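Survey of secondary and tertiary structure
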Amino acid sequence: MNKFQIITLFPDYFTSPLKEGLLGRAFKEGLMEVSFSNPRQFTQDGRVDDYPFGGGDSMILSYTPLKQSLESFTKKGYVVYPSPQGRPWSARKARIFAKHPLITLICGRYGGVDERFIRDSVDEEISLGDYVLNGGEAAVLTLLESLSRFIPGVLGNEKSAEEESFEGIGLLEGPQWTRPRSIEGHQIPEVLFSGHHEKIKNFRFFASLVLTALKRPELITDFSLQKRLSKAQQALKALSSEELRALGLRPVDLERSDFFTNGL
């Protein structure tokens, strides 16, 4: 079982999300366990923030309530604080975090937390991107959602986590379709109905490679993939305009040679 401890001023924020979908089922079936601690419980007047020294436009969460909230747990585990100063979150890190038996997640609020608490108690800061949230609760939910997919038993099909974007060689997952075969000028590529597993596998790889090169060229760092891009372009050129449209592509997209400099 993977155990999580969350320090938050708003524990009710998690009430519904942790009961719904795959994440809710994981907690219900005992694959994951969560407990909470509210820093307000460790103050006389409920005040957990203060003005920063030197001035500033936001209040800062104080050291002592956070420290006492952390110490209220029997064990602190691996302590993580989502913040813009952290290391970028990724599928690779989610897989690593899923192996930790006990993780404590700190939900920041207002202008952040007293830096001394981070230095004394936090093992790792994590950034979800170059933007700022009103509080760390949404970030913590994102971490839980993404890492839970690598906990055995959470997904109905264990291969699902292996076949998604950023996994394996790091490409974006290619497009997928369902019935009807043709709609509004979008025609599902005929190769998918061929029954030829090798051709279907190659098509999916070529589509994934070209779409990654167009949308997220920085993900393609393996030189061997760059060399295979030309072959992928040529393979997709054989598709009809309706089939290309279903891929979100135009013929002109397959004539480009600047994938790795401009993207779409």
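The structure contained in this document is the topic of the report that follows.

Calculation rules
Residues numbered from 1 in each chain as written. Predicted model: local features only at pLDDT ≥ 70, side-chain atom pairs only at ≥ 80, totals over all residues. Heavy atoms only, no water. Buried < 20%, exposed > 50% of the residue type's maximum accessible area, 1.4 Å probe, protein only. Helix = DSSP H or I, 4+ residues; strand = E, 2+ residues; numbered from the N terminus. Arc of directions from axis to C-beta. Contact = heavy atoms within 4.5 Å. Salt bridge = Lys/Arg side-chain N within 4 Å of Asp/Glu carboxyl O. Pairing = 2+ DSSP bridges. Axes fitted to C-alpha atoms, helices over the stretch in contact; angles between N-to-C directions. Core = buried A, V, L, I, M, F, W, Y, C linked by side-chain atoms within 4.5 Å.

Another aspect to go through is helix H1 (residues 21–28). Those residues of H1 lying buried are Leu-23, Gly-24, Ala-26 and Phe-27. Axial view of H1: buried residues confined to an arc of 160°, hence all on one face. Turned more than 90 degrees from where H1 packs its buried face, Gly-21 and Lys-28 sit exposed. Looking at the buried side of H1, the elements it contacts are strand S2 (32–37) and helix H5 (137–148). Gly-30 occupies a position one or two residues after H1 and carries a positive phi of about 80°.

One pass over the structure, following the stated rule, counts 13 salt bridges. A salt bridge links Glu-125 to Arg-119, with the shortest nitrogen-to-oxygen separation between them at 3.5 Å. Connected via shared salt-bridge partners are Arg-47, Asp-49 and Asp-50.

Attention shifts here to the sheet that holds strand S6 (residues 102–106). Ordered by their spatial adjacency, five strands build an open sheet running S2-S1-S6-S5-S7, and the pairing between neighbours is parallel. Two strands bound the open sheet, and with one partner strand each, they are S2 and strand S7 (124–127). Averaged over all neighbouring strand pairs, the angle between strand axes comes to 35°, with direction disregarded. Running over the sheet, helix H2 (residues 63–71) touches strand S1 (2–7), S2, strand S5 (78–88) and S6 and is turned about 155° from S1.

Our focus in this paragraph is the side chain of Thr-104. Mapped onto the elements of the fold, Thr-104 is located in strand S6. The class for Thr-104 is buried, based on a relative accessible area of 0%. Among all residues touching Thr-104, those that are not within four sequence positions of it are Gln-5, Ile-7, Leu-70, Phe-73, Lys-76, Tyr-78, Val-79 and Val-80.

In this structure, Phe-4, Met-32, Leu-105 and Leu-144 are the most contacted members of the largest nonpolar core, which totals 25 residues. Elements with a contribution of two residues or more to this core: S1, H1, helix H3 (91–97), S6 and H5. Sorting elements by how many residues they give to this core places H5 first, with five residues. Once residues within four sequence positions are removed from consideration, Leu-144 is found in contact with Phe-4, Ile-6, Leu-18, Leu-23, Met-32 and Leu-105.

So, about unusual backbone geometry. Residue Arg-179 is joined to Pro-180 through a cis peptide bond whose omega torsion reads 0°. Position of Pro-180 relative to the elements: it lies in the loop between H5 and strand S8 (182–183). Even without being a glycine, Tyr-110 presents a positive backbone phi close to 60°. As for its position among the elements, Tyr-110 is in the loop between S6 and helix H4 (115–121). The phi torsion at Glu-184 lies on the positive side, around 50°, for a residue other than glycine. Position of Glu-184 relative to the elements: it lies in the loop between S8 and strand S9 (186–187).

So, on to the environment of Lys-67. Mapped onto the secondary structure, Lys-67 falls in helix H2. Taking the C-alpha atoms as reference, Lys-67 lies 42 Å from Glu-173; in sequence the two are 106 residues apart. In this view, Lys-67 contacts Phe-117, Asp-120 and Ser-121; residues no more than four positions away in its chain are not counted.

No statement about biological role is implied by the geometric values presented.
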